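Chain residues, written in single-letter form:
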Amino acid sequence: MTKRILSGVQPSGALTLGNYLGALKNWQSLQENHDCLFCIVNLHAITVPVEPDALRKQTLEIAATYLACGIDPVQSHIFVQSHVPAHAELGWVLGCKTPMGWLNRMTQFKDKAGKHKEKASLGLYGYPTLQAADILLYQADGVPVGDDQKQHIELTRDIAMSVNSAYGKDLFTVPEPMIEKTAARIMSLRDGTKKMSKSDPSDFSRLNLTDSADEIRLKIKKAKTDSGPLPETLEGLKDRPEAKNLVAIFASLSKQSEEDVCRQYAGAPFSVFKPDLADLAVEVLAPTGESIKKYLKETSELERHLKRGADYANEIAEKTLKDVFETIGFLPRL
Ligand code: AQP
């Protein structure tokens, strides 16, 4: 039987190189032999403050980005999370089945809430249970994500197993995380210990898929490094987070191993490595940026794909939700 895959991105800004290398780059090849659902998770995007106009614009931008990154909207299904009401409904049920102790361990909440935990929304705290609903609704076998989401997928597995066991029934497929080894976590260009994020206040911390060639070159030129040359082996990148990150980006963009990149640039200063990295990034990202602009000019076409995707998603999601409601004791809808 064809395995099903579910993944998504928040419309919280233009997608970054981190989102691309950690997640989207892999989606394109997976769609060849999987039943793929790719969601634009706008319910998750409102867990932090966002302007309504920006949210609308970013939602369409993500849809255009999916297509520009090679997602075939006929072979795969792209849809907006709020167009499938079952996400919020199952999200509530799973929130009631998840102990707070499990949620308290989630590092993303700690990172995002920072020092102002009391001001963070309940939605941000419950984000992982909604994410579990996103996945479990579709009985997904696999979830292709970056390394930063590994903890949330493990929680999803724990929730699925505990609900299945509580009701003595395989209500949910227990999904597997699918995390690429190279570039599983791309770090900020300003701080090699911090993840590259679309919501980072500094635009110089990231490469956006919509950046122009000039912007890409400037950001790589200004990327933080140390004063040493590139080492011969990976061992030499230990305790050099910024250098390690740039090597990982080069490796992933050029489809080589990090070892090969070190061998190629052994002893070279960053003044030699950075321009080559910039050329490579422009070669890969600039056409994607152009393609996003082109798709954004055809809004009705994008909406047509989103409607088709939502129709398909609703059909599967409603079936799971009905089964869950019956099992937990809700009366059938009259
Ligand atoms: N830096 C990263 N390296 C590798 N993969 C990454 N992903 C995100 N950042 C990196 C992967 O991208 C997918 C979509 O992520 P998301 O939008 O749902 O949320 P996120 O993980 O919180 O990503 P951001 O960019 O950091 O968004 P904001 O700033 O809004 O929180 C996921 O598969 C993720 O693993």
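Now for a look at the structure at hand. Starting from 1, residues in each chain are numbered consecutively following that chain's sequence as written. Only residues with pLDDT of at least 70 are given local features in this predicted model, and only at 80 or more are side-chain atom pairs given and counted; all residues enter the totals for whole chains, interfaces and linings. The side-chain quantities take in all heavy atoms of the structure and omit both hydrogens and water.

1. A short note on the environment of leucine 94
Piece 1. Following the sequence through the fold, leucine 94 ends up in helix α4 (residues 86–97).
Piece 2. Residue exposure (1.4 Å probe, protein chains only): buried if accessible area is under 20% of the type maximum, exposed if over 50%, otherwise partly exposed. Accessibility expressed as a relative area gives 1% for leucine 94, which makes it buried.
Piece 3. Contact definition: two residues touch when any of their heavy atoms are within 4.5 Å. When sequence neighbours within four positions are dropped, the list of residues in contact with leucine 94 reads Thr129, Ala132, Ala133, Leu136, Ile159, Val163 and Phe172. By the criteria applied, helices consist of DSSP H or I runs no shorter than four residues and strands consist of E runs no shorter than two, each listed in order from the N terminus.

2. What to know about the pattern of salt bridges
Piece 1. When a carboxyl oxygen of Asp or Glu lies within 4 Å of a side-chain nitrogen of Lys or Arg, that pair is called a salt bridge. Counted according to the given criterion, the structure contains 21 salt bridges.
Piece 2. Notably, a salt bridge pairs aspartate 53 with arginine 56, separated by 2.9 Å at the nearest N-O pair. Here aspartate 53 pairs with arginine 56, and both are found in helix α3 (residues 52–68), just three residues apart, close to one helical turn.
Piece 3. Residue classification places arginine 56 among the exposed residues on the basis of a relative accessible area of 54%.
Piece 4. Here aspartate 203 ties to arginine 206 by a salt bridge, and the two come within 3.4 Å at their closest N and O atoms.
Piece 5. Classification of aspartate 203 by relative accessible area gives partly exposed; the value is 33%.
Piece 6. Classification of arginine 206 by relative accessible area gives buried; the value is 8%.
Piece 7. Connected via shared salt-bridge partners are Asp203, Arg206, Asp211 and Lys219.

3. Overview of the packing of aromatic side chains
Geometrically, a pair of aromatic rings is defined through the distance of the ring centres and the angle of the planes.
Piece 1. Stacked, tilted and edge-to-face are the three classes assigned to paired rings of Phe, Tyr and Trp, where Trp is represented by its six-membered ring and a pair needs centres within 6.5 Å; plane angles under 30 degrees give stacked, over 60 edge-to-face, the rest tilted. Applying the stated criterion to the full structure yields nine aromatic pairs.
Piece 2. Ring geometry for phenylalanine 109 against tyrosine 125: centres 5.2 Å apart, planes inclined by 80°, an arrangement best described as edge-to-face. Placement of the pair is phenylalanine 109 in helix α6 (residues 107–113) and tyrosine 125 in helix α7 (residues 122–136), with a sequence separation of 16 residues.
Piece 3. Among the aromatic side chains, those forming a connected cluster through ring pairs are Phe250, Tyr265, Phe270 and Phe273.
Piece 4. Lysine NZ or arginine CZ positioned within 6 Å of the ring centre and within 35 degrees of the ring normal marks a charge as sitting over the ring. Seen from the ring of tyrosine 295, lysine 294 lies directly overhead, with NZ or CZ sitting 4.6 Å from the centre.

4. Here we look at the nonpolar core
Across soluble globular proteins, you tend to see nonpolar side chains buried next to one another.
Piece 1. Definition of nonpolar core: a set of buried residues of the types Ala, Val, Leu, Ile, Met, Phe, Trp, Tyr and Cys, connected through side-chain atoms within 4.5 Å. Core analysis: the largest hydrophobic core is formed by 55 residues, its most contacted members being Leu24, Tyr66 and Phe273.
Piece 2. In terms of residue count, helix α12 (residues 270–296) provides more of this core than any other element does, nine residues in total.
Piece 3. Where each domain starts and ends comes from a domain assignment, either automatic or drawn from a database. Residue assignment places this core across two domains, with domain 1 (4–185 + 299–328) and domain 2 (211–294) each supplying three or more.
Piece 4. In this view, tyrosine 66 contacts Gly8, Val9, Leu24, Trp27, Phe38, Cys39, Ile40, Ile71 and Ile78; residues no more than four positions away in its chain are not counted.
Piece 5. Counting 39 residues, the second largest nonpolar core, distinct from the first, contains Cys39, Ile135, Val145 and Ala160.

5. Quick look at the site of the ligand
Piece 1. We call a residue near a molecule or strand whenever a single non-hydrogen atom of that residue lies within 4 Å of it. Inspection of the region around the ligand gives 22 residues, with Lys112, Asp148, Ser197, Lys198 and Ser199 positioned closest.
Piece 2. Throughout this description, a polar contact denotes any pair of N or O atoms lying within 3.5 Å of each other; where both atoms belong to protein, one of them has to be capable of donating a hydrogen while the other can accept it, and for residues adjacent in sequence the pair is counted only when both atoms sit in side chains. Here lysine 195 contributes a side-chain N or O atom positioned 2.8 Å from an oxygen atom of the ligand.
Piece 3. In this structure, an oxygen atom belonging to the ligand sits 2.4 Å away from a side-chain N or O atom of lysine 198.
Piece 4. Only the protein chains shown count as cover for residues, with accessible areas throughout obtained via the Shrake-Rupley method and a probe of 1.4 Å. Look at the ligand: alone it shows 630 Å² of surface, and the protein chains cover 98% of it.
Piece 5. Secondary structure elements with two or more residues in the shell around the ligand: β1 (4–9), α1 (17–30) and α6.
Piece 6. It is α1 that provides the largest number of residues to the shell around the ligand, a total of four residues.

6. Topic: helix α9 (residues 213–222)
Piece 1. Residues of α9 that are buried: Ile216, Lys219 and Ile220. Considered in projection along α9, the buried side chains sweep an arc of 95° and stay on one side of the axis. Residues of α9 that are exposed and angled more than 90 degrees away from the buried face: Asp214 and Lys221. Taken from the helix axis, the directions to the C-beta atoms give the arc we talk about.

7. Some words on the side chain of aspartate 211
Piece 1. Within the secondary structure, aspartate 211 sits in the loop between β5 (176–178) and α9.
Piece 2. Note on aspartate 211: relative accessible area 6%, which makes it buried.
Piece 3. For aspartate 211, the side chain forms a polar contact with the side chain of lysine 219, separated by 2.7 Å.
Piece 4. In this structure aspartate 211 touches Arg206, Ile216 and Lys219, once residues within four positions along its chain are discounted.

8. Regarding unusual backbone geometry
Piece 1. You will see that glutamine 139, though not glycine, has its phi angle at about 55°, which is positive.
Piece 2. Take glutamine 139: it is sitting in the loop between α7 and β4 (142–144).
Piece 3. Judged by its relative accessible area of 22%, glutamine 139 falls in the partly exposed class.
Piece 4. Positive phi outside glycine occurs at lysine 255, with the angle close to 55°.
Piece 5. With respect to the helices, strands and loops of the structure, lysine 255 is situated in the loop between α10 (241–254) and α11 (258–265).

9. Looking at α4
Piece 1. Here the expected length of a helix is defined as 1.5 Å per residue gap, with one fewer gap than residues. Under the 1.5 Å per step criterion, the end-to-end length of α4 is 16 Å for twelve residues, consistent within 8% with the ideal 16 Å.
Piece 2. Residues of α4 that are buried include every one of Ala86, His87, Leu90, Gly91, Val93 and Leu94, and no others. Along the axis of α4, the buried positions cluster into a sector of 165°, meaning they face one direction only. With respect to the buried face of α4, the exposed residues turned more than 90 degrees away are Trp92 and Cys96.
Piece 3. Summarising the contacts, the buried residues of α4 are in contact with β2 (35–40), α2 (42–45), β3 (77–80), α7, α8 (150–167) and α13 (299–328).

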